[in-house]
Amino acid sequence: MNTYSRKTALITGASSGIGAVYADRLARRGYDLILVARDAARLTAVAEAATRHGVAVETIRADLNEATDVRRVEERLRTDSAVTMLVNNAGIGAAPGLANANVDALEQMIQVNVTAPTRLAAAAATAFSAAERGTIVNISSALALAPELFSGAYSGTKAYILNLSISLRQEVAPRGVQVQAVLPGATRTAFWGPAGESLPAEMVMDAEELVDAALAGLDAGEDVTIPSLPDRADWDSFNAARGRLGPNLSRQHAADRYGKTAA
Ligand SMILES: NC(=O)c1ccc[n+]([C@@H]2O[C@H](COP(=O)([O-])OP(=O)(O)OC[C@H]3O[C@@H](n4cnc5c(N)ncnc54)[C@H](OP(=O)(O)O)[C@@H]3O)[C@@H](O)[C@H]2O)c1
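Cut-offs and rules
- Residues numbered from 1 in each chain as written.
- Predicted model: local features only at pLDDT ≥ 70, side-chain atom pairs only at ≥ 80, totals over all residues.
- Heavy atoms only, no water.
- Salt bridge = Lys/Arg side-chain N within 4 Å of Asp/Glu carboxyl O.
- Helix = DSSP H or I, 4+ residues; strand = E, 2+ residues; numbered from the N terminus.
- Buried < 20%, exposed > 50% of the residue type's maximum accessible area, 1.4 Å probe, protein only.
- Contact = heavy atoms within 4.5 Å.
- Polar contact = N/O pair within 3.5 Å; in protein donor to acceptor, adjacent residues only side chain to side chain.
- Pairing = 2+ DSSP bridges.
- Right-handed = clockwise from strand over helix to strand, strands pointing away.

Novice: How should I be thinking about the pattern of salt bridges in this particular structure?
Specialist: Where charged atoms from two side chains of opposite charge come close, those side chains can pair. Summed over the entire model, instances satisfying the criterion amount to 16 salt bridges. Of the charged contacts, one joins aspartate 24 and arginine 28 as a salt bridge, the two residues approaching to 2.7 Å between their closest N and O atoms. Here aspartate 24 and its partner arginine 28 are both found in helix α1 (residues 17-28), four residues apart, which amounts to about one turn of the helix. The partner of arginine 119 in a salt bridge is glutamate 74, and the shortest N-O contact between them spans 2.6 Å. With a gap of 45 residues between them, arginine 119 in helix α4 (residues 103-131) and glutamate 74 in helix α3 (residues 67-79) connect regions that are remote in the sequence. For glutamate 74, a relative accessible area of 5% translates into the label buried.

Novice: Is there a simple way to think about the environment of threonine 12 in this case?
Specialist: For threonine 12, the location among the structural elements is in strand β1 (residues 7-12). We classify threonine 12 as buried; its relative accessible area is 1%. On a C-alpha basis, the gap between threonine 12 and asparagine 239 in space is 29 Å, while along the polypeptide they are 227 residues apart. Excluding residues within four positions of it along the chain, threonine 12 makes contact with Val36, Leu64, Val87, Asn88, Asn89, Ala90 and Leu120. Within the local environment of threonine 12, its side chain forms a polar contact with the backbone nitrogen of alanine 90, the two atoms lying 2.9 Å apart.

Novice: I would appreciate a short explanation of unusual backbone geometry in the present structure.
Specialist: Most peptide bonds take the trans configuration, and most residues that are not glycine carry a negative phi. Despite not being glycine, asparagine 100 has its phi angle at roughly 65°, a positive value. Tracing the sequence through the fold places asparagine 100 in the loop between β4 (83-88) and α4. The phi torsion at glutamate 132 lies on the positive side, around 55°, for a residue other than glycine. Within the secondary structure, glutamate 132 is located in the loop between α4 and β5 (134-139).

Novice: Mind showing me how you'd approach the pairing of β1 here?
Specialist: Remember that side chains alternate between the two faces of the sheet whenever the strand is regular. Burial runs high along β1: five of the six residues are buried. Pairing analysis gives six bridges linking β1 to strand β2 (residues 31-37), with the strands arranged parallel. Paired with leucine 10 across the strands is isoleucine 34, a residue of β2. Taken together, β1, α1 and β2 constitute a β-α-β crossover, and its handedness is right-handed. Judged from the four bridges that link them, β1 and β4 form a sheet pairing that is parallel. By the bridge assignment, threonine 8 is partnered in β4 with valine 83.

See below:
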């Protein structure tokens, strides 16, 4: 491949699960890779497998809970003009419930699931907009749409990623930058720990199938990809209902049913 046509994808959380599959699939697509995570041994294993596809692979050990590490990755996104794709994938879960929760653990989750990807998406959006090209993939979750099913705080971090993605797409699409939010359902990775064993098999997708579907959605230009959703029209009608709320979400007077309208 001509060196001038090379393209690089930076993937966070690339040491296992969904991120490791993105590394494999993007290497197969000819992307050089920058793989980011904490576990050096697992990063190296993913990197070695990806290099078999003839691409250059670099690993960055970074803890996205540490502000200085996040800044280091941001800096790379801002300054390395070869980077044309960001996969904002690193994320952690939380135990259900807020009363009696380990709030320090929740705060760390918010740092990894919200603060870090926001900073990285901002850095990528700045660089990619200036270059008038690039792709940002943000891994949200189907739980973004289902806060009743799991930890509300986790669901909230993923709803944040969904909203950020929809808004960012509107902002940067005119500059030639593609933004996609991916909403996986339960996926067979280390994410669930031992609890994964008790999930009904018909609800759990393999990470390979998940990423292949997400990349097909990206190729099709989707803004939001829900790999397991059989009928895309269901998402479209959900979104249309949201749109219908729009004109009435901010008005001078309260609705009649509250009995507060000024005489
Ligand atoms: N599995 C599911 O059912 C599911 C469903 C919906 C959405 N998701 C989302 O998919 C994404 C990937 O999760 P997964 O299922 O592939 O889980 P996973 O196998 O546990 O992978 C999580 C990745 O995030 C990295 N990571 C975690 N904390 C980090 C930190 N502080 N700093 C840097 N990297 C960190 C991990 O690497 P190190 O440990 O090496 O740092 C690992 O590479 C997450 O955002 C998750 O919320 C998963």
